[in-house]
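Listed below, chain by chain, are the residues.
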2 protein chains.
Amino acid sequence: MLVNGEYKDTIAIMDRGFQYGDGLFETIEVRQNTPIFLEQHLQRLSNDSRRIHLPMLDLELLRSEIKQLCQNSGNAVLKIIITRGSGGRGYRQPDDIQPTRILSLYPFPDYPQNYYSDGIVARICDTRLGLNPILAGIKHLNRVEQVMARAEWNEATIQEGIMLDINRHVIEGTMTNVFYVKKKALYTSPLKDCGIAGIIRSWIMESQIRLLFPIFEQDFFIDDLFGADEIFVCNSVIGIWGIRKLEKHRYTVGKITKQLQLALENEKQKQVALCN
Amino acid sequence: MLVNGEYKDTIAIMDRGFQYGDGLFETIEVRQNTPIFLEQHLQRLSNDSRRIHLPMLDLELLRSEIKQLCQNSGNAVLKIIITRGSGGRGYRQPDDIQPTRILSLYPFPDYPQNYYSDGIVARICDTRLGLNPILAGIKHLNRVEQVMARAEWNEATIQEGIMLDINRHVIEGTMTNVFYVKKKALYTSPLKDCGIAGIIRSWIMESQIRLLFPIFEQDFFIDDLFGADEIFVCNSVIGIWGIRKLEKHRYTVGKITKQLQLALENEKQKQVALCN
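Note that this is a predicted model, so its numbers are computed, not measured.

Criteria and cut-off values
- Residues numbered from 1 in each chain as written.
- Chains lettered and ligands numbered in written order.
- Predicted model: local features only at pLDDT ≥ 70, side-chain atom pairs only at ≥ 80, totals over all residues.
- Contact = placed C-beta atoms within 7 Å.
- Helix = DSSP H or I, 4+ residues; strand = E, 2+ residues; numbered from the N terminus.
- Nonpolar A, V, L, I, M, F, W, Y, C, P; charged D, E, K, R; others polar.
- Pairing = 2+ DSSP bridges.
- Axes fitted to C-alpha atoms, helices over the stretch in contact; angles between N-to-C directions.
- Domains from an automatic or database assignment.

### Some words on the interface of chain A and chain B
Then comes step 1: Each partner contributes to the interface: chain A provides 40 residues, whereas chain B provides 40 residues.
Then comes step 2: At the level of elements, strand S3 (10-12), helix H1 (16-20), strand S7 (100-107) and helix H5 (144-150) of chain A are the ones that each hand at least two residues to the side of chain A that touches chain B.
Then comes step 3: The element contributing the most residues to the side of chain A that touches chain B is H5(A), with six residues.
Then comes step 4: Classifying every residue of the side of chain A that touches chain B gives 19 nonpolar, 14 polar and seven charged.
Then comes step 5: Where S3(A) meets strand S3 (residues 10-12) of chain B, three bridges bridge the pair, whose relative direction is antiparallel. Paired with A:Ile11 across the bridge in S3(B) is B:Ile11.

Printed below as a string of C-alpha cells:
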C-alpha cells in the first residue's frame, strides 16, 4: 500500500478518514496491469472531492503512483482512498487541508464463472438507505448502511442484497448498481437522494445500447423488479451479473444483459490492448 | 493513545473503522482524573454495539484501561473508538470479529467562560441529516454529514450550527443535542429517524427537572425554536450552553437553562468527589 507516496500499511488514528469517515474511495479493476476505466474513476473522485469540499486532486501524481503500483500487478483490484487528512477541531475541518492519499492492491476475487454466465441469486435487504441529497451518488467512506445490509445474510448461495430507501424505492445492491429490463427498455434508480453513482452504471447509460433500447432513470419499487424481464447488477470489479433468482422469483440472463456483458468485455479488452 | 492495550498512534489501513466507518465512538469529559458519566457512556457503547452487531464489549477491560489512561490526566477529553477490526470480504463482516479498541486523551478545550454564562451564537445549517431509523441515536463513525454542516461557516463568532432532517424537523446541533423551553415545558427531538442520543440529553430527561417542568420528545420546526423562551445545547464536553442568538433571534440564558447547568455541575462535582 502507498500512503502519500510511502509504502506502509497503517494510518494515523487522528486521520479524519478514521475519526469521521471523512473521505472518498474508488475500487478499480486492474487487468493485465491496466486499470480499467481509470479516467472515469479519477473524474468521479475529482467531482466527489469538489462536492465534499476537498482540495483539488493532483491527478498527475495519482496517475503516476497508480502506474508505479500496477506495473506488475497482473489482474488485481486497486483501491484508492482520499481523506481530509488530520487536524481541525472536532468536525470542523482544518484551514489548511492536507489530504491523505492511499493506494492499495488486492488480489482479484475468484468469482465462479457461472455468476457471469448463469446469473446470481439475490435477496431484498431489510436495512434501508437513508436519504440525503447532498451526499447522494458520492462514494464516501460512510458505509455503515452497507455493512448492516450485508450482515443480514450468511448463505454462500446468495451473492447480493438489494437495498431500498425509506420510501421503499429500489436504489442499488449492497455493492452494485441495479438495472432491470421491461418491454425492451432499461430502468435504474436516479440516485438523487441516496446510493452511489457507479462507473459501470454510467458507462451503461452512455453506451451504444441506448441507441437500441431506451434507458430511464426513474424511481421504482420491488414489484417492478419482480415483474421484470431481466435484472442485472454491476460494479467495477464484477462487471455485469444477471440475477437469476430474487427472493422467490426466477429470471434468465436475457438478451440485453448478455449484449451489455459482451460490450463491456470488448471495452475492457480494448483498454488493455491500448495500454500494452 | 492505547490501541488494544498498546501505546501507539496508528491503525491498520485494513481496519474496517477506516475502510467503512464501521465502528462507534464515545467522547467523555475527564475532570480531575475522573471520567464523568463513565457508566452511562459504557452503557451506550454496549447498547450501540448490540445494535450494529458488534461482539459484546469487555467492560472490565475497558474500565481498567480507562483508569490507567486517566490516572494522571487531570482535566481532559477521553475518546473511545470501537471498530469491527480488520477482515471480511468487502462490506461483509468477518465470521470471527476481533474489534479494535482505541482510547485517546486530548486536552480539555479552552472554551471561554461566557459561552456558559451568557450563551452562544448559533446558526441554522443547510446540510440536512439523512433519515435512517436503524442507525438513529447511534454514535457511529459515519459523520460526513456533521463535517459538511460544520464546513458551512468559518466565523469564530458562531459556536454551533443547528441541523434539520430532510423533513425540516430540528434534530440537533453539529456536536450537541438541542432543547428549547416554551411556557415552562422542555422540548427535544425524539431522534427516531436520525441524530445521536447524547449522554447529557439522557441525563436531562431523567433529572429532577422533570418533576418541575414536563419534558416532551416530539418533532418540532425552526419556528418553534425562533419562538422559544429559552434554547440550550448540550454534550459531554461543553455541558450545557444557552443560545443567546440564533440567526436574527435573541434570547437570554433563562431560569430553566441555569437550573440545569447548576444541577449538572453539582452532579459532576459529586462524581469527582466520589472517585477521589
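Continuing now.
### Topic: the sheet that holds strand S6 (residues 76-83) of chain B
All names here are of chain B.
Then comes step 1: Pairing within the open sheet is antiparallel, and its six strands lie in the order S2-S1-S7-S6-S4-S5. Because the sheet does not close on itself, it has two edges, and the strands there are strand S2 (6-7) and strand S5 (34-35).
Then comes step 2: Sheet topology places S6 next to strand S7 (residues 100-107); eight bridges connect them, and they run antiparallel. What sits directly across from Ile-80, in S7, is Leu-103.
Then comes step 3: Where helix H2 (residues 38-51) meets the sheet, its contacts fall on strand S4 (23-31), S5 and S6, and the angle it forms with S4 comes to roughly 180 degrees.

### Considerations on the domain arrangement of chain A
All names here are of chain A.
Then comes step 1: Partitioning chain A into domains gives domain 1 (2-107) and domain 2 (113-275).
Then comes step 2: Just the C-alpha atoms count here: the centres of domain 1 and domain 2 sit 25 Å apart.
Then comes step 3: With 21 residues of domain 1 at the contact, the number on the domain 2 side is 14 residues.
Then comes step 4: Every element with two or more residues in the side of domain 1 that touches domain 2 is listed here: strand S4 (23-31) and helix H2 (38-51).
Then comes step 5: The element that contributes the greatest number of residues to the side of domain 1 that touches domain 2 is S4, accounting for eight residues.
Then comes step 6: Of the residues that constitute the side of domain 1 that touches domain 2, the class distribution is seven nonpolar, eight polar and six charged.

### Brief notes about the pairing of strand S10 (residues 170-173) of chain A
Then comes step 1: Pairing of strand S9 (residues 160-164) of chain A with S10(A), which is carried by three bridges, proceeds in the antiparallel orientation. Bridge pairing links A:Ile162 to A:Gly173 in S10(A).

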